[in-house]
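One-letter residues, chain by chain:
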Amino acid sequence: MTPNSSISRRLTFLLACVAAVLSVLSWYMVTEFARQAAERTQDNILEAAATIIAEALRSEDGEVRLELPYSAFSMLGAISEDRVFYHVATGTETLTGNAPINANLTAPTTGQTALDTITYQAEPVRVASVTRVILNNQAPVPVTVSVGQTRNGVSLIANDLSRTAGIFSIAFFVLAVGLSAIVARTSLRQLKVIAEAVGRRGPSDLRPLRHPAPEELAPLMVALNSLIDRLARSLRQSEDFITEAAHRVRTPLATVRAQAEVALRRVESADEKQRMRQIIRAVDESSRSAGQLLDHATVAYRAENVPDNRVDLAFVAKVATDALQPTADMKDIDIGLRTEETVVLGDRVLLESALRNVLDNAVKYSPPETSVSVTVFKADGFGQITVSDHGPGLGTAPYDRYTNRFQRGENVGGTVGSGLGLTIAKDVVVAHRGTIELTDNEGSGTCVSLILPLA
Amino acid sequence: MRYLLVEDNQELAEAVVNRIELDGHAVDHAASLAQASDCLAAADYDLILLDVMLPDGDGRDFLATRRDVSETPVIVLTARSQISDRVGALDQGADDYITKPFDFAELEARCRAVLRRRGGAAKNEVKIGTATFDLTNGTLRVGDDIIELRNRELRLLEVFVRNAGQILSKTQLVDRMFSYDAEVTENAIEVYVGRLRKKLTRAGARIETVRGLGYRLHGS
């Protein structure tokens, strides 16, 4: 038993050891009692037999006579098929009997019974002796009656009982081990429940654990909760950090961009103009990445605790479309909006951000003077927002690729992008128990659908 | 147009002022909410560009109190999360928001959209042939008829009007018209000039091609 082995197994093992000791002890005691009981029974019968024979002694014509009462022997036969011996003697003179089985016995005093085990014909024989005083010719003559019996029957009974006790002990042991395992597991179930509760949690669910726990687990819970708390705090810090970083990065970027635009107007040579354009593009790229990283962090944080607010996807689509209309106008892209009231449960801000990212992609990758359509409708218990464009489409890469972080299509050309847009949309949709579908828009362009369960 | 820029970062403010002035607008700069209030008391503005985080308070609080006394449209400039800031800013009464760093073409498009939506801004009209062009909201009309211009045509016309009588090269037009993440060829300019030319015939104005140099608008 190393310190790392399972508590359950250790507990079971200990309980099984106790059960084993108890089993052996109980078996031994039962066996011992059985043997003693069998022996005492034999002793009583031997005594009774000896007494009956002694009662049958009488004095006749100056002689001590005995007519053996066979009932005494049949009584002994009742116990077993063991061989029976008897011996009746006055003093040292044998009256009748087959052998001096009481040879080693000191004759008991009148009215008393003596019991002993002797060895006769190489077998242990149990002998009971009684002494009775007979008046013979006015003189008291002590007569000793001894009745003996081999002990095979007794051993047989004792062994029998011992075997039965053994079987019972083994059964008890097996049962006890089983019960121990159950007990061990039951008492550790709380631990398992807590472990599962922790295991089921999402990667950023950092609420403290509130499970009822037995006293013994309290220190563990406290330690766990303090760890969670520290983790949450460090996570909050990194969020603040991202926000702060975004701010710090974007303000100077904005300065650079504005200066570059001014410089672009002033420089004359095509080379210099080209360089200025490159600067502006690089700035746009970094600012977009910063924005999406920030969005992604915010989404990841909010997505863990999506509230069950009623949100009309038609409204979400209207807001997102309005927000992107000026950007689309710059390329003379028409955003066609067709909606019906479609209420889902969730977080309006997150859903807006998901759609804005999808729509932003659509506008960004569409050539000028094309159209992007946004449709909101209900179908089969699901609400759906579909954004289709006439851009370059998704190409041949597997569609999964687009919803992975920092992955972009193969045919994005020179368009600025960080590859986080669809990842953000997917994270939001998944947090709302929905799915995102990417398909070709009838051969030209992309069709992105956010599918969410209706309220 | 007259803008009020409320922004505490001096360098950014300077760059933004320079950039906006390039398009022929007037810009006043306020570095704090207090200065902004002074400016607003002294002059009328067509649009306020408001930073969110300012040394003497939160731009959004300013917005909330400002709403009661003024109708001047406000576009909030933010460097933070689009998700959370946006909701806050629009709920507090901003007309739109734009994330730093911003594309000035986009800023202009948003300004125009806001002004068109509000409809209350002072008119800034110029004559082009027989037509009237409102620079503030970007409508071109002949009598009561509106000549529909697409956005790029509109921007092109704006560039010509603001540089009245000058010859503009294709390169200059590319610089002024397009967002920089789009790959634009000079051929595209020819396409847009062609379209605008056609639409302007109704107004009796024309765009002259000055061989080897560029284009010039006649009639304004």
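As a reminder, the structure under discussion sits directly above these lines.
Counting restarts for each chain, with residues numbered from 1 along the sequence as it is written. Each chain gets a letter, beginning with A, and each ligand a number, beginning with 1, in the order they are written. Where local features are concerned, this predicted model is filtered to residues with pLDDT of at least 70; where side-chain atom pairs are given and counted, the filter is 80 or more; whole-chain, interface and lining totals use all residues. The side-chain figures draw on all heavy atoms in the structure; neither hydrogens nor water molecules are used.

**What about the packing of aromatic side chains?**
Residue and element names in this part refer to chain A.
Alright, step 1. The criterion for an aromatic pair is that two Phe, Tyr or Trp rings (for Trp, the six-membered ring) have centres within 6.5 Å, with stacked assigned to planes under 30 degrees apart, edge-to-face to planes over 60 apart and tilted to the rest. According to the stated counting rule, one finds 3 aromatic pairs over all chains in the structure shown.
Alright, step 2. Note on Phe 73 and Tyr 86: the rings are 5.3 Å apart at their centroids and 55° apart in plane angle, and the pair reads as tilted. Taken together, the residues Phe 73 in helix α2 (residues 70-79) and Tyr 86 in strand β3 (residues 84-90) connect sequence positions 13 residues apart.
Alright, step 3. Here the term buried applies to any residue with accessible area under 20% of the maximum for its type, exposed to any over 50%, and partly exposed to those in between, with areas from a 1.4 Å probe on protein chains only. With a relative accessible area of 19%, Tyr 86 lands in the buried category. For helices the rule is a DSSP run of H or I covering at least 4 residues; for strands it is a run of E covering at least 2, with both sets numbered from the N terminus onward.

**Quick notes on the environment of Leu46(A)**
Residues and elements named next belong to chain A.
Alright, step 1. Within the secondary structure, Leu 46 is located in helix α1 (residues 7-55).
Alright, step 2. For Leu 46, a relative accessible area of 0% puts it in the buried group.
Alright, step 3. Residue contacts are defined here by distance: any two heavy atoms, one from each residue, within 4.5 Å place the two residues in contact. Discounting chain neighbours no more than four positions away, the residues touching Leu 46 are Leu 76, Arg 126, Val 127, Ala 128, Val 147, Gly 148 and Gln 149.

**Topic: helix α7 (residues 348-365) of chain A**
Residues spaced three or four apart along an α-helix point in a common direction, a consequence of the helix completing one turn every 3.6 residues.
All names here are of chain A.
Alright, step 1. Any helix carries an expected span of 1.5 Å times its number of residues minus one. Its 18 residues give α7 an end-to-end C-alpha distance of 26 Å, which sits within 8% of 26 Å, the value for a rise of 1.5 Å per residue.
Alright, step 2. Counting buried positions along α7 gives 16 out of 18 residues, so the element sits mostly inside the fold.
Alright, step 3. Think of a polar contact as two N or O atoms within 3.5 Å of one another; within protein, one of them needs to be a possible hydrogen donor and the other a possible acceptor, and neighboring residues in sequence only count if both atoms come from side chains. N-capping of α7 is provided by Asp 347, with a side-chain oxygen placed 3.0 Å from the backbone N of Val 349.

**Regarding the sheet that holds strand β9 (residues 131-134) of chain B**
Residue and element names in this part refer to chain B.
Alright, step 1. Two strands are said to pair when DSSP picks up at least two bridges between them. Strand order in the open sheet formed by 4 strands is β8-β9-β10-β11, and the pairing between neighbours is antiparallel. On the outer flanks of this sheet lie β8 (125-128) and β11 (145-147), each paired with one strand and no other. For this sheet, the mean inter-axis angle between neighbouring strands, taken without regard to orientation, is 35°.
Alright, step 2. Of the pairings in the sheet, the one linking strand β10 (residues 139-142) to β11 comprises 3 bridges and is antiparallel in character. When the sheet's bridge partners are listed, Val 142 is paired in β11 with Asp 145.
Alright, step 3. Angles shown run from 0 to 180 degrees and are taken between the N-to-C directions of axes, each axis being a line fitted to C-alpha atoms and, for helices, limited to the stretch in contact. Set on the sheet, helix α6 (residues 151-162) makes contact with β8, β9 and β10; between it and β9 the angle comes to about 95°.

**Here's the deal with the side chain of Asn361(A)**
Residue and element names in this part refer to chain A.
Alright, step 1. Structurally, the position occupied by Asn 361 is in helix α7.
Alright, step 2. Note on Asn 361: relative accessible area 15%, which makes it buried.
Alright, step 3. In this structure, Asn 361 is in contact with Arg 288, Gly 421 and Leu 422, ignoring residues within four places of it in sequence.

**Some details on the interface of chain A and chain B**
Alright, step 1. Chain A puts 43 residues into the contact, and the matching count from chain B is 43 residues.
Alright, step 2. For the pair chain A and chain B, the summed buried area comes to about 4,200 Å², and 56% of that belongs to carbon and sulfur atoms.
Alright, step 3. One side-chain nitrogen of Lys or Arg within 4 Å of one carboxyl oxygen of Asp or Glu is enough to make a salt bridge. Applying the counting rule to chain A against chain B returns 4 salt bridges.
Alright, step 4. Of all the secondary structure elements, the ones that give two or more residues to the side of chain A that touches chain B are α4 (218-266), α5 (270-303), α6 (313-330) and α7 of chain A.
Alright, step 5. Residue classes follow a fixed rule: Ala, Val, Leu, Ile, Met, Phe, Trp, Tyr, Cys and Pro count as nonpolar, while Asp, Glu, Lys and Arg count as charged, and any other residue, Gly among them, counts as polar. For the side of chain A that touches chain B, the class distribution of residues is 17 nonpolar, 9 polar and 17 charged. A 1.4 Å probe defines the accessible area here, and the buried area is the portion of it lost by two parts on being joined, summed over both.

**Structural notes on the environment of Val256(A)**
Residue and element names in this part refer to chain A.
Alright, step 1. Examined against the element boundaries, Val 256 turns out to sit in helix α4.
Alright, step 2. Between the alpha carbons of Val 256 and Val 283 there is a distance of 7.7 Å; along the sequence they are 27 residues apart.
Alright, step 3. If we ignore the near neighbours within four places in the chain, the residues touching Val 256 are Ile 279 and Val 283.

**A few points about the pattern of salt bridges**
Alright, step 1. One pass over the structure, following the stated rule, counts 28 salt bridges over all chains.
Alright, step 2. Across the pair Asp160(A) and Arg163(A) runs a salt bridge, and its minimum N-O distance is 2.9 Å. Of this pair, Asp160(A) and Arg163(A) both sit in helix α3 (residues 152-200), 3 residues apart, which is roughly one turn of the helix.
Alright, step 3. The salt bridge involving Asp229(A) is made with Arg233(A); its shortest N-O contact spans 2.7 Å. A residue pair is termed a helical-turn pair when its members lie 3 or 4 positions apart in one helix, as Asp229(A) and Arg233(A) do in helix α4 at 4 residues.
Alright, step 4. Overall, the relative accessible area of 37% leaves Asp229(A) in the partly exposed class.
Alright, step 5. Overall, Arg233(A) belongs to the partly exposed group, its relative accessible area being 41%.
Alright, step 6. Overlapping salt bridges, with partners in common, bring together Arg257(A), Glu261(A), Asp284(A), Arg19(B) and Asp103(B) in one network.

**So, empty space enclosed by the protein**
All names here are of chain B.
Alright, step 1. For cavity detection a 1 Å grid was placed over the protein atoms alone, and a set of points counts as a cavity when a 1.4 Å probe fits there but cannot get out; an open set counts as a pocket when protein lies on both sides within 12 Å along at least five of seven lines, with lining residues being those that have an atom within 4 Å of a point. Grid points are joined across faces, edges and corners, and a volume is the space filled by probe spheres set on the points. Here the structure, examined in full by the defined rule, presents 5 cavities of 30 Å³ or more.
Alright, step 2. Counted as a void, the second largest cavity has a volume near 60 Å³.
Alright, step 3. What lines the second largest cavity is simply Met 1, Tyr 3, His 25, Glu 108, Cys 111, Arg 112, Leu 115, Leu 135, Thr 136, Glu 158 and Arg 162.
Alright, step 4. Contributing elements (two or more residues each) for the lining of the second largest cavity: α5 (104-118) and α6.
Alright, step 5. No other element matches the 4 residues that α5 contributes to the lining of the second largest cavity.
Alright, step 6. When grouped by side-chain class, the residues that make up the lining of the second largest cavity number 5 nonpolar, 2 polar and 4 charged.

**A word on the nonpolar core**
As a rule of thumb, soluble globular proteins bury nonpolar side chains together.
Alright, step 1. Here, nonpolar core refers to any group of buried Ala, Val, Leu, Ile, Met, Phe, Trp, Tyr and Cys residues whose side-chain atoms link them within 4.5 Å. Grouped together as the largest cluster of nonpolar side chains are 38 residues, with contacts concentrated most on Leu351(A) and Val387(A).
Alright, step 2. Elements with a minimum of two residues in this core: α5, α6, α7, β11 (371-379), β12 (382-388), α8 (421-431), β13 (435-440) and β14 (446-453) of chain A.
Alright, step 3. No other element matches the 8 residues that α7(A) contributes to this core.
Alright, step 4. Beyond its immediate sequence surroundings of up to four residues, Leu351(A) is in contact with Val311(A), Leu313(A), Val316(A), Val344(A), Val428(A), His432(A) and Leu452(A).
Alright, step 5. In terms of nonpolar packing, the next biggest core, distinct from the first, is built from 28 residues, Ala131(B), Leu149(B), Tyr192(B) and Ile207(B) among them.

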